[in-house]
Amino acid sequence: MKDIKISGKTGICGIIGDPIEHTLSPAMHNSMYKTMNLDFVYLPFKVKSVDLGKAIAGIKALNFRGLNVTIPHKVAVMPFLDKMDILADKIGAVNTIINDNGILTGYNTDAQGFLKALVERDIRPAGKNVLLLGAGGAARAVGFILSEERTRLTILNRKEELSWATDLAKCLSQTYSGKVKAGELSRKNLEKLIPSTDILVNATSVGMSPDSNETPVPGDLLCANLVVFDIVYNPYQTRLLREAKEAGAQTINGLEMLVWQGVLAFEKFTGEKVPFELMREAALKELPHEK
Ligand code: NAP
């Protein structure tokens, strides 16, 4: 493996967000550039919301190949781009920008990464009953890709922001002309819905470090015929996943989605295929928790 050698020909990629200190993406991308001997470098940039427009103009001015976009810029970045991929446009959020000779196109590899994590385990969501917890940015991407796949979707969000779940369900029902239900994330609703659920997706931030002793679903409601996908990736094994495993359910962790979105962005940046396992190992090395 050679060290990254920067020259005038090196392709420059990166990630913008605020905060950005905990991102795993530079480690994931740079280690693959090294392993595959590609003339690219990937850097983290802390960009305040007020500077977003200037940062995006900088992609062209500085001739960057592309950027990933994370919280809080995934929606706000859209007006600064020249073109939108169809799925990213429907979702209304961008996590990858590609610069093709001064034309900036926005993609959403979060959504595609989520689907890839399912399909690579031979789980086809078409026609399945999916219970989606959360109605924030990530839940929106998951909701759209699942609706593209024609799942039967129910979205639950906590009471204070139930309107987010209702709005997302309405938007998905209109876009895909199918009925998407919404409700409150409560024990009563979970008890009622879990018995007929095939795939349970946690897209809330409940259980994320440092609050890793929390879970969005009481453990006694989990059962063996569920697939439980927790998109939280830090810790690697959340309480929800631990309890789902104990109940005999099949589990998928958020790192798989994170790595697949990275694989898909990497292919767009470099034009090269990257092995999922190698990028996953690079990400795991950066996670401070149990492997
Ligand atoms: P977000 O837009 O802030 O949404 C957070 C969601 O969690 C909202 O639905 C929020 O409900 C809910 N929530 C927060 N605290 C809660 C609580 N105590 N009880 C019940 N619900 C609660 O964040 P996001 O961007 O969607 O990210 C959500 C999680 O997904 C984060 O942990 C993030 O790291 C993870 N993520 C993973 C990947 C991946 O590749 N694996 C990609 C993106 C995000 P309200 O609407 O009521 O506030």
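Before reading further, recall that the structure is shown in the block above.
The model shown is predicted, which means the values in this text are computed figures rather than measured ones.

Enquirer: I'd like a description of the overall build of the protein chain, backed by residues and values.
Expert: When helices and strands are counted, the protein chain shows 10 helices and 12 strands. For the protein chain, the C-alpha radius of gyration of 19 Å lies close to 19 Å, the compact-globule estimate for 291 residues. By its C-alpha atoms, the protein chain is 60 × 40 × 30 Å across when sized along the principal axes. Per-residue burial over the protein chain gives 51% buried out of 291 residues. Pairs at least 24 residues apart make up 68% of the contacts formed inside the protein chain by residues separated by at least 6 positions.

Enquirer: Could you give me a rundown of the site of the ligand, with the residues and numbers involved?
Expert: By nearness alone, 20 residues border the ligand, and Ala 138, Arg 158, Met 208, Ile 231 and Gly 254 come closest of all. Between the ligand and Gly 254 there is a distance of 2.9 Å, counted from a nitrogen atom to a backbone nitrogen or oxygen. With respect to the ligand, the backbone of Leu 258 contributes an N or O atom lying 3.3 Å from an oxygen atom. Here the ligand loses 76% of its free accessible area of 920 Å² to cover by the protein chains. When contributions to the shell around the ligand are tallied by element, the ones reaching two or more residues are α5 (137-148) and α9 (254-270). Tallied by class, the residues present in the shell around the ligand amount to 11 nonpolar, 7 polar and 2 charged. Of the residues that make up the shell around the ligand, three or more belong to each of domain 1 (11-109 + 256-286) and domain 2 (112-254).

Enquirer: Just give me the short version of the side chain of His 29, but keep the residues and values in it.
Expert: Relative to the helices and strands, His 29 resides in helix α1 (residues 25-35). Of the residues examined, His 29 reaches a relative accessible area of 1% and is grouped as buried.

Enquirer: Tell me about the packing of aromatic side chains, and name the residues and values.
Expert: Aromatic rings in a pair are described by how distant their centres are and how their planes are angled relative to each other. Scanning all chains against the criterion turns up 7 aromatic pairs. Taken together, a centroid distance of 5.5 Å and an interplanar angle of 35 degrees make the contact between Tyr 33 and Phe 40 tilted. Taken individually, Tyr 33 and Phe 40 each receive the classification buried, so the pair is uniform in this respect. Summarising the aromatic geometry, the rings of Trp 260 and Phe 276 are spaced 4.5 Å apart at their centres and angled 20 degrees between planes, so their arrangement reads as stacked. Of this pair, Trp 260 sits in helix α9 while Phe 276 sits in helix α10 (residues 276-286); the two residues are 16 residues apart in sequence, bridging distant segments of the chain. By relative accessible area, Trp 260 is classed as buried at 10%. On the basis of relative accessibility, which here comes to 14%, the residue Phe 276 falls in the buried class. Counting every residue linked through ring pairs, the aromatic cluster contains Tyr 33, Phe 40 and Phe 266.

Enquirer: Which residues make up a positive patch on the surface, and what are the values?
Expert: Residues Arg 152, Lys 179, Lys 181, Lys 188 and Lys 192 make up a contiguous surface patch of positive charge. Looking at the element boundaries, Arg 152 is found in strand β8 (residues 152-157). According to the relative accessible area criterion, Arg 152 is exposed, its value standing at 51%.

Conventions used here
- Residues numbered from 1 in each chain as written.
- Predicted model: local features only at pLDDT ≥ 70, side-chain atom pairs only at ≥ 80, totals over all residues.
- Heavy atoms only, no water.
- Helix = DSSP H or I, 4+ residues; strand = E, 2+ residues; numbered from the N terminus.
- Rg over C-alpha atoms; globule rule 2.2 N^0.38 Å.
- Buried < 20%, exposed > 50% of the residue type's maximum accessible area, 1.4 Å probe, protein only.
- Contact = heavy atoms within 4.5 Å.
- Near = heavy atom within 4 Å.
- Polar contact = N/O pair within 3.5 Å; in protein donor to acceptor, adjacent residues only side chain to side chain.
- Areas by Shrake-Rupley, 256 points an atom, 1.4 Å probe, with all protein chains shown as cover.
- Nonpolar A, V, L, I, M, F, W, Y, C, P; charged D, E, K, R; others polar.
- Domains from an automatic or database assignment.
- Phe/Tyr/Trp six-rings, centres within 6.5 Å; stacked < 30°, edge-to-face > 60°.
- Patch = residues over 30% accessible without salt bridge, like charges linked within 9 Å, V, L, I, M, F, W, Y side chains within 5 Å.
- Salt bridge = Lys/Arg side-chain N within 4 Å of Asp/Glu carboxyl O.
- Lys, Arg positive; Asp, Glu negative; His and termini not counted.
- Charge placed at Lys NZ, Arg CZ, Asp CG, Glu CD.

Such coordinate-based values are descriptive only and should not be taken to indicate function.
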